[in-house]
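Letter by letter, the chains look like this.
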Amino acid sequence: MFNKRTRIKELLQVDAASQEVTVMGWIRTFRNNQFIALNDGSCNQNLQVVAALGLLNDETMKRITTGASLKVIGELVPSLGKGQKVELKATSIEILGDCDTEKYPLQLKNRPGLEYLREIAHLRFRTNTFGAVFRIRHSLAFAIHKFFNDKGFVYLHTPVITASDAEGAGEMFRVTTLPFDNPPRTEDGHINFKEDFFGKSTNLTVSGQLEGELAAMAFSDIYTFGPTFRAENSNTTRHLAEFWMIEPEMAFYDIEDNMNLAEEFIKYIIRYAMDNNREDLEFLAQRLAEEEKQLPQDKRGELGLIEKLEFVLNNAFERITYTEAIDILLNSPAYKKKKFQYEVKWGIDLQSEHERYLVEKHFRKPVIVTGYPAVIKAFYMRINEDGKTVAAMDILAPGIGEIVGGSQREERLERLIARMQEMHVPVEEMQWYLDTRRFGSVPHAGFGLGFERMVQFVTGMTNIRDVIPFARTPKNCEF
Ligand code: 4AD
Ligand code: MG
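Residues numbered from 1 in each chain as written. Chains lettered and ligands numbered in written order. Predicted model: local features only at pLDDT ≥ 70, side-chain atom pairs only at ≥ 80, totals over all residues. Heavy atoms only, no water.

Mind showing me how you'd approach the overall build of the chain here?
For the chain, the count of helices and strands is 14 helices and 16 strands. For the chain, the spread of C-alpha atoms along the three principal axes comes to 85 × 60 × 45 Å. Residues classed as buried in the chain amount to 51% of the 479 residues present. Relative to all contacts within the chain whose residues are 6 or more apart in sequence, the contacts with residues 24 or more apart total 69%. When the accessible surface of the chain is summed, it comes to about 24,100 Å², and 51% of that surface belongs to carbon and sulfur atoms. (Helix = DSSP H or I, 4+ residues; strand = E, 2+ residues; numbered from the N terminus. Buried < 20%, exposed > 50% of the residue type's maximum accessible area, 1.4 Å probe, protein only. Contact = heavy atoms within 4.5 Å. Areas by Shrake-Rupley, 256 points an atom, 1.4 Å probe, with all protein chains shown as cover.)

Below, the structure is given as structure tokens:
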């Protein structure tokens, strides 16, 4: 059998056992014609393979280069060198795939920066940084499923192609098979989507929430976890055109239950990474500390990555209303010194500079803001007694800004229809959604966590393009 191998992570955890083992992986470095640092992606650390002098002929020796792949059989022995407990004394080394050093872009000596690595995203998994980031991303995804599964939530697969605009924001990618050069037209000259694949105009989903609500009206508690798409032309370090979202939806929940669940959820998955990805987190903490050394003092984080995560775990999120948030901003030194670029007054949509002021300068911890003005929020949010705010909740995180958006939903049919009309949401086309309010409607709530923003928060990576394997952003769809 070819693939009878032990993962390097397992080998590094055991004490030297004088039994024969097989490992396979990619060469990170080769020193003194003798020491091969081998990595198989199972952990950050490399396994030191020792090729005794004479084991390799000159021809093979030349082919032991950074990036080449190897199958090594040998004996795991205590290591004399520092930095590792054990090493592999090779008895046989087979080259599985050569790697031309002249052409291989990942040489340790030129220490490629993150921007360059984005251009070679197909290879960047092989660096320490991206190894750590994507192992943590995996862990967080696993923790998310575990959290909801343990609570009895049903994982619901909502459609990727839809005919509705869940958020009513109109930032959608169209899905069509109509010819671009000469699409069929109606008599009044509009494109005739009746002739399109689905017989109507369709798009990639911006959110699985509406379908999630339908299922919550039967299972009580559901969650989605899938890709969502937004054609917003935002070239920032926090926006992707294709991102993953987790959307739990709970029947018999009000806004407060919703906040409690969201806070517990975020803490749970951070705790999971702290318990299961310690080595990778420590590596990234170090990386971040080095990156921050390049920044002016006031741009540096006060806490290291691990301390920041500990702090979030050990402190309750601050909870304030939108109206309180506006007051804090209006009374802030930043406002008085005209440091905000955007206007501050009741009714505005909080801009990222405002959100960051609240979490990074004022409260210095995650903040849940509730009770936003109805006019700036989606049609499905429950209108409050005051008639002008809705039971919305956004969670803002230091360094990230909005990480969660959610709300209690409008369960009262008449009011929901009124809101839809006000906001020009096509009522006729959404009878399926309104049926939930007709047939046994119940108070319910839910939220959406942006997965990449969460991964950014846990890994300390500053650019969202560095926490998704292959980023889709305006004017960029490589790989
Ligand atoms: O606030 P949003 O738009 O909320 C919804 O989509 C609701 N349907 C959620 C719900 O109540 N079920 O998006 C939710 C989260 C944001 O807080 C943010 O973390 C993330 O999704 N997000 C993005 N992440 C990366 N790139 C983008 N372009 C994002 N847009 C939103
Ligand atoms: Mg939002």
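Is there a simple way to think about the pattern of salt bridges in this case?
Opposite charge on two side chains permits pairing when their charged atoms draw close. One pass over the full model with this rule turns up 24 salt bridges. As a salt-bridge pair, glutamate 249 and arginine 409 come within 2.8 Å of each other at their nearest N and O atoms. Of this pair, glutamate 249 sits in strand E11 (residues 242-251) while arginine 409 sits in the loop between strand E15 (401-408) and helix H12 (413-422); the two residues are 160 residues apart in sequence, bridging distant segments of the chain. By relative accessible area, which is 2% here, arginine 409 ends up buried. The residue glutamate 282 makes a salt bridge to arginine 278 at a minimum N-O spacing of 3.3 Å. Taken together, the positions of glutamate 282 and arginine 278, both in helix H7 (residues 278-293) and four residues apart, correspond to about one turn of that helix. Each of Arg118, Arg124 and Asp466 takes part in one network of salt bridges that share partners. (Salt bridge = Lys/Arg side-chain N within 4 Å of Asp/Glu carboxyl O.)

What is the right way to look at the site of ligand 1 in this model?
As a structural note, the neighbourhood of ligand 1 is formed by 24 residues, with Glu167, Gln209, Arg230, Glu247 and Glu402 the closest of them. Between ligand 1 and arginine 230, the relevant distance is 2.8 Å, taken from an oxygen atom to a side-chain nitrogen or oxygen of the residue. In this structure, a nitrogen atom belonging to ligand 1 sits 3.4 Å away from a main-chain N or O atom of phenylalanine 447. For ligand 1, the accessible surface in isolation is 630 Å², of which the surrounding protein chains cover 93%. Of all elements in the fold, only E11, E15 and strand E16 (444-450) reach the threshold of two or more residues within the shell around ligand 1. Top element by residues in the shell around ligand 1 is E15. It accounts for five residues. (Near = heavy atom within 4 Å. Polar contact = N/O pair within 3.5 Å; in protein donor to acceptor, adjacent residues only side chain to side chain.)

What is the right way to look at the environment of lysine 89 in this model?
You can see lysine 89 is positioned in strand E5 (residues 86-97). Judged by relative accessible area, which is 47%, lysine 89 ranks as partly exposed. Residues within four places of lysine 89 in sequence aside, it is in contact with Val50, Ile73, Gly74, Glu75 and Val77.

Please clarify how the sheet that holds strand E4 (residues 69-78) should be interpreted in this entry.
Pairing between the strands of a sheet is mediated by backbone hydrogen bonds and can be parallel or antiparallel. A barrel is described by the order of its strands in space; here five strands give the closed sequence E1-E2-E3-E5-E4, paired in mixed fashion. Here the average twist between neighbouring strands, direction ignored, is 55 degrees. Here 10 bridges tie E4 to E5, and the two strands are oriented antiparallel to one another. Within E5, the position partnered with leucine 70 by the bridge is isoleucine 95. (Pairing = 2+ DSSP bridges. Axes fitted to C-alpha atoms, helices over the stretch in contact; angles between N-to-C directions.)

Explanation requested: empty space enclosed by the protein in the structure shown.
Applying the stated rule across the entire model yields two cavities of 30 Å³ or more. Its boundaries defined by the atoms lining it, the largest cavity holds a volume of some 40 Å³. Lining the largest cavity, in full, are Ile266, Val312, Phe317, Pro366, Ile395, Ala397, Ile403, Met454 and Phe457. Those elements giving two or more residues to the lining of the largest cavity turn out to be strand E14 (389-397) and helix H14 (451-459). A class-by-class count of the residues in the lining of the second largest cavity yields two nonpolar, four polar and one charged. (1 Å grid on protein atoms, 1.4 Å probe; cavity = no way out; pocket = protein on both sides within 12 Å on 5 of 7 lines; lining within 4 Å. Points joined across faces, edges and corners; volume = space filled by probe spheres on them. Nonpolar A, V, L, I, M, F, W, Y, C, P; charged D, E, K, R; others polar.)

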